[in-house]
Amino acid sequence: MMSNVVGCAPDEVAAGMRVAVAWEPLSDGRHLPVFRPT
Amino acid sequence: MGRSLRGAAAIVGVADAASPTGELGTRGRTLEAAMIREALDDAGLTLADVDGVCCSGIATGIAEYLDLHPTYVDGTFVGGSSFEVHVEHAAAAIAAGVCDVVVGVYAATPRQDRRRGASPAAFGPMGPDVAGEWETPYGSMMPMTSYALAADRHMAQYGTTPEQLAQIAVDTRRWAAMNPRARYRTPITVDDVLASPVIASPLHQLDCCLRTDGAGAYVLTSAERARGLASPPVFVLGAATAIDHWVISQMPDLTVTPGAVSGPAAFAHAGIGIDDVDVLQAYDSFTITALLHLEDLGFCAKGEGGSFVEDGSSAPVVHCRPTPTAAASRTRIRASTGSSCWWKRCASCAEPRASARCHGPRSPSPTVAAACSRPPAPWCSARRRRCDRPPRTAGLRRGDPVLGRDAPAAVRAPVVHHVRRRDLVPARRLSALSRRRDRVARRRRRRHVYAASVHSKPGPGRDAKDGPYAVVLVDLDAGCA
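These remarks concern the structure in this document. Not measured: the values here are computed from a predicted model.

### Details of the sheet that holds strand β2 (residues 72–74) of chain B
Backbone-to-backbone hydrogen bonds join strands into a sheet, with any given pair of strands oriented parallel or antiparallel. Residue and element names in this part refer to chain B. A sheet is described by the order of its strands in space; here three strands give the open sequence β2-β1-β3, paired in parallel fashion. One side of each edge strand has no neighbouring strand; the edge strands of this open sheet are β2 and β3 (102–104). Pairs of neighbouring strands in the sheet enclose a mean axial angle of 10°, with direction left out of account. Where strand β1 (residues 52–54) lies against β3, three bridges are found, and the strand directions are parallel. By the bridge assignment, Val 53 is partnered in β3 with Val 103. The strands touched by helix α3 (residues 82–95) are β1, β2 and β3; relative to β2, the strand with the most contacts, the crossing angle is about 160°.

Written out as C-alpha cells, the structure reads:
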C-alpha cells in the first residue's frame, strides 16, 4: 500500500526501517493510516 | 480471409441481472464481478481458469479488481455492439492460442445512478476508485510518483545508483543527437542529470521524459498480401500480453514488470532468443522504465540493470549487446499514448531504406524487440470513495475499515521503502491539490507533492509481474514469416 511516514526527519527514512501505523484525522471525521518509526 | 472462425470457440456460461423495478441493488465493479462469477459458475469454471478479459473500457481494471492476471484483454468500445465485437476478437484469440478462457462483461446502472445523483460514466460503469482510495490521499502525483517508487525500491533492493540511471538519460540523448526531429539534441553528462532538479526523488528532471507532441499510425495486413505490396514487409514474429495491475499501489513487486511474463512468451512465439536481437526499443518514460525492461525482457538478470547500463551499453554504438534505441523517445517523441509512434520507429529500424535515419546498429536483417507499457497509475482523482476490498499487498486484513473511525488499533508493520519527508504534503490539503493538480505541479516543480510507499513482498504463490504488457518482435526477413 501507499502511505506517508511521519514523525521523523527526511534523512532518517530508509528502506527497511520499522514503522507502526498511526491514524491521521481528516476533516470529514475519517482517518488516514500513516506510519511513524518505532 | 481464407480462414474461418467457424467452430473455433464456444460460449459455455452466461449470466444476467435485471429487476422489475428497473433498478439493481449493486453497481459498478461489484455488479460486474457478480456477473462474471455467475457466468463462470454456469460454465463449471472458476476465476482461476480465466486468462482473458473483455469489457467496453478498462479491462485491466476489472482484472485487477478480480485479482486476475490475463494474457488477453480487450477494451474495445464501439457502442452497443462492442460485446459482439469482443466475442469475435476473443474467438480469434482463442483460435490463435493466445488464451483459453475469456470472460466478457457489461454492467450499467443509469437508473440508480440518476436517483443517487452519481454522475454517469462515459464509457460504462465505474469501479471503486482504487487510486482515490489508496494513493491520492497520500499526495501521489502521477506518473512521477509511480516510477520514483520503482526506482527507489530498485536502489534499495539491488544497490542501483542514481549515476547508473543517469547513464540511461545520457545515452538516450546521444541517440537523440542523431535525430533531426528530436526536441533536444545537445549531449548531456551524468553530472548534468544529477544536477537537474529532483522531480520525484530519486528521479531528476533529466530522468524524466519531456512533454512533447507526437503522432503515428500503422497498417497491418496478411503475410500473403504484404508480399505483393510496394513496401518491404516487416513481419511480426511474436507477441504476448501480461496484465497485472492498474494502479501502482496494487503492483505486487515494484521492481518486476509483467514484461518478465510477456517477454519470454513473445520470444517463444517468435522462435528466437535474446542473442538474436540486434535492436531493442524499450519504453523510456523514465530512466528506471528502460532499466526494468532490460531486466525483465532478459537482456540482463534481475537487479543487474544498473551495472548493465553503466558502461554506456545503451548508447548508440555497435555493441555486442542490444541497445535500447527507443530511449530516444524522451527527446524525440513523447505522447500520452505513444505506442503507434514506437511501432513506426520499430518498423523504420528494421527497414533497410530507412536505416540511414535510424542510425542504429545495422545488420542485413535486424530483429527488433519493442516493449511498451502504460504508466502504472494513469489517473489521479480527488474523489475518495470507499473501496470494498483492501489493497493486495497491504498488511491489512480483508474488511479492515482503514478509512473509518473503527480502524484497527495496530496493523502489522510493513517495510517502508520510500519517503522523503520534505516531499510530503499534509493529507488535509490533498483534495484541493488534486483538483488543481496540473497547476500545482507547475508551481511546485522543484518540490513535488509526493508520497511514501509501504510495501510488503507478495505472498507465496504470487509470481505476478507488472509493467510492460505487450512485447512484439518483428523481423525484416520475409522468409521468417
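### Looking at the nonpolar core
Of all hydrophobic cores here, the largest spans 32 residues; its most connected members are Leu 165, Leu 203, Phe 286, Ile 288, Leu 291, Leu 294 and Phe 299 of chain B. When residues of this core are traced back to their parent elements, those giving at least two are α6 (144–158), α7 (162–177), β4 (198–200), α10 (259–270), β7 (279–282), α11 (287–296) and α12 (305–309) of chain B. Broken down by element, this core gets its largest block of residues, six residues, from α6 of chain B. Once you skip the residues sitting within four places of it in the chain, Leu 291 of chain B turns out to touch His 154, Thr 160, Leu 165, Ile 168, Gly 305, Gly 306 and Val 309 of chain B. Judged by nonpolar contacts, the second largest core, of 25 residues, contains Met 1, Met 17, Val 19 and Val 34 of chain A.

### Comments concerning unusual backbone geometry
All names here are of chain B. The omega torsion across Met 142 and Pro 143 is 0°, close enough to zero to call that bond cis. Here Pro 143 shows up in the loop between α5 (130–134) and α6. Omega for the peptide link from Ser 201 to Pro 202 comes to 10°, which places this bond in the cis form. By the element assignment, Pro 202 lies in the loop between β4 and β5 (203–204). Its identity as a non-glycine residue notwithstanding, Asp 67 has a phi of 60°, on the positive side. Within the secondary structure layout, Asp 67 lies in the loop between α2 (59–65) and β2. Asp 67 sits in the partly exposed class, given a relative accessible area of 37%.

### Points about the side chain of Asp 51 of chain B
Counting through the fold element by element, Asp 51 of chain B comes out in the loop between α1 (28–43) and β1. Separated by 2.9 Å, the side chain of Asp 51 of chain B and the backbone nitrogen of Val 101 of chain B make a polar contact.

### Brief notes about the layout of surface pockets
Residues and elements named next belong to chain B. The calculated volume of the second largest pocket comes to roughly 920 Å³. If you trace the second largest pocket, you find 34 residues lining it, with Ile 11, Gly 13, Val 102, Val 103 and Gly 104 closest to the centre. Of all the secondary structure elements, the ones that give two or more residues to the lining of the second largest pocket are α1, α3 and β3. Across the lining of the second largest pocket, the residue classes break down as 29 nonpolar, three polar and two charged.

### A short note on the pattern of salt bridges
Applying the stated criterion across every chain, the model contains six salt bridges over all chains. Across the pair Arg 30 of chain A and Asp 28 of chain A runs a salt bridge whose closest N-O atoms are separated by 3.1 Å. Asp 28 of chain A gets classed as partly exposed once you look at its relative accessible area, which sits at 43%. The shortest N-O distance in the salt bridge between Asp 113 of chain B and Arg 27 of chain B comes to 2.8 Å. In this pair, Asp 113 of chain B sits in helix α4 (residues 110–116) while Arg 27 of chain B sits in the segment before α1, placing the two residues 86 residues apart along the sequence. The class for Asp 113 of chain B is buried, based on a relative accessible area of 7%. Several salt bridges converge on common partners, so that one network encompasses Glu 295, Asp 296 and Lys 302 of chain B.

### Description of the packing of aromatic side chains
Residue and element names in this part refer to chain B. Across all of its chains, the model carries two aromatic pairs over all chains by this definition. Both rings, one in Phe 83 and one in Tyr 106, keep their centres 4.7 Å apart while their planes meet at 45°; by these two values the pair is tilted. Taken together, the residues span a long stretch of sequence, with Phe 83 in helix α3 and Tyr 106 in the loop between β3 and α4 at a distance of 23 residues. On the basis of relative accessible area, Phe 83 is assigned to the partly exposed category, the value being 23%. Of the residues examined, Tyr 106 reaches a relative accessible area of 46% and is grouped as partly exposed.

### Section: the side chain of Thr 109 of chain B
On the secondary structure map, Thr 109 of chain B appears in the loop between β3 and α4. Apart from the residues within four sequence positions on either side, Thr 109 of chain B is in contact with Thr 26, Arg 27 and Leu 31 of chain B.

### A closer look at the packing of α7 of chain B against α11 of chain B
Residue and element names in this part refer to chain B. Two elements in contact, α7 and α11, have axes separated by 9 Å at closest approach and are oriented at 100°. Here α7 lies roughly perpendicular to α11, going by the angle between them. Along its contact with α7, which presents Leu 165, Ile 168 and Ala 169, the element α11 presents Thr 287, Ile 288, Ala 290 and Leu 291.

Cut-offs used in this document
- Residues numbered from 1 in each chain as written.
- Chains lettered and ligands numbered in written order.
- Predicted model: local features only at pLDDT ≥ 70, side-chain atom pairs only at ≥ 80, totals over all residues.
- Heavy atoms only, no water.
- Pairing = 2+ DSSP bridges.
- Helix = DSSP H or I, 4+ residues; strand = E, 2+ residues; numbered from the N terminus.
- Axes fitted to C-alpha atoms, helices over the stretch in contact; angles between N-to-C directions.
- Contact = heavy atoms within 4.5 Å.
- Core = buried A, V, L, I, M, F, W, Y, C linked by side-chain atoms within 4.5 Å.
- Buried < 20%, exposed > 50% of the residue type's maximum accessible area, 1.4 Å probe, protein only.
- Polar contact = N/O pair within 3.5 Å; in protein donor to acceptor, adjacent residues only side chain to side chain.
- 1 Å grid on protein atoms, 1.4 Å probe; cavity = no way out; pocket = protein on both sides within 12 Å on 5 of 7 lines; lining within 4 Å.
- Points joined across faces, edges and corners; volume = space filled by probe spheres on them.
- Nonpolar A, V, L, I, M, F, W, Y, C, P; charged D, E, K, R; others polar.
- Salt bridge = Lys/Arg side-chain N within 4 Å of Asp/Glu carboxyl O.
- Phe/Tyr/Trp six-rings, centres within 6.5 Å; stacked < 30°, edge-to-face > 60°.
- Parallel < 35°, antiparallel > 145°, perpendicular 65-115°, else oblique.

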